[in-house]
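Tertiary structure, described
The primary structure of each chain is shown beneath.
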Amino acid sequence: MAGPPIWPLGTPVFGFGSNSVRQLRGRLGDQSLMGYPARIRGQVLAFCGPNRSWALEKRPCVGSATLIPDKRSIALGTVTFLSDEQIAMLDGFEGVPRIYQQQQFDKEVSEVFGNERWHSLQVMAYVKV
């Protein structure tokens, strides 16, 4: 059986909703970013609103994705490893601290898939304020 993967350097950031690896590559100008399947137990993906700052001109306000506690659920997403500079840049896109805030999920509830199995790993995610 394979051992734990050698993860890239940086902070593991759990992406869900619109924070796909593809979008992060564009926002952060780094085409080398890799995504790893991930999950957080005890959380569920929800769309909360209103979020008038991201609404299109001809449409009403829209909801934005977030995680909310639910003991019976598992939130699925992708982990990307980001540098401190990339996180600071992403904070601007996420509207920290007005719209989103950084939240840590400890390794007892978060897992990342690598080397053909799940591995416990503390991750950071942006959750709606």
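From a predicted model like this one, the values you see are computed outputs, not experimental measurements.

So, the overall build of the protein chain
For the protein chain, the helix and strand inventory stands at two helices and seven strands. Starting at the N terminus and ending at the C terminus, the protein chain contains elements arranged as β-α-β-β-α-β-β-β-β. Counting only contacts in the protein chain whose residues sit at least 6 apart along the sequence, the fraction spanning at least 24 positions is 73%. Per element, the accessible surface of the protein chain, about 7900 Å² overall, is 54% carbon and sulfur.

Some remarks on the pattern of salt bridges
For the coordinates displayed, the defined rule picks out four salt bridges. Across the pair Glu94 and Arg27 runs a salt bridge, and its minimum N-O distance is 3.2 Å. Taken together, the positions of Glu94 in helix α2 (residues 84-94) and Arg27 in helix α1 (residues 21-28) put the pair 67 residues apart, joining distant regions of the chain. Between Glu111 and Arg41 there is a salt bridge; the shortest N-O distance is 3.0 Å. Of this pair, Glu111 sits in strand β5 (residues 110-114) while Arg41 sits in strand β2 (residues 36-51), placing them 70 residues apart in sequence. Several salt bridges converge on common partners, so that one network encompasses Arg39, Arg41 and Glu111.

Topic: the side chain of Asp91
Tracing the backbone shows Asp91 in helix α2. As a buried residue without a salt bridge, Asp91 has its nearest oppositely charged side chain in Arg27, at a separation of 9.9 Å. The contact partners of Asp91, leaving out residues within four places of it in the chain, are Val96, Gln102 and Tyr126.

Section: the nonpolar core
Formed by 17 residues in total, the largest nonpolar core has its most connected members in Phe14, Leu67, Val79, Val112 and Val123. Listed by contribution, the elements that provide at least two residues to this core are β2, β3 (62-82) and β7 (123-128). Per-element accounting of this core gives the leading share, five residues, to β3. With eleven residues, the next largest nonpolar core counts Val13, Leu28, Ile87 and Leu90 among its residues.

So, how was this worked out
- Residues numbered from 1 in each chain as written.
- Predicted model: local features only at pLDDT ≥ 70, side-chain atom pairs only at ≥ 80, totals over all residues.
- Heavy atoms only, no water.
- Helix = DSSP H or I, 4+ residues; strand = E, 2+ residues; numbered from the N terminus.
- Contact = heavy atoms within 4.5 Å.
- Areas by Shrake-Rupley, 256 points an atom, 1.4 Å probe, with all protein chains shown as cover.
- Salt bridge = Lys/Arg side-chain N within 4 Å of Asp/Glu carboxyl O.
- Buried < 20%, exposed > 50% of the residue type's maximum accessible area, 1.4 Å probe, protein only.
- Lys, Arg positive; Asp, Glu negative; His and termini not counted.
- Core = buried A, V, L, I, M, F, W, Y, C linked by side-chain atoms within 4.5 Å.

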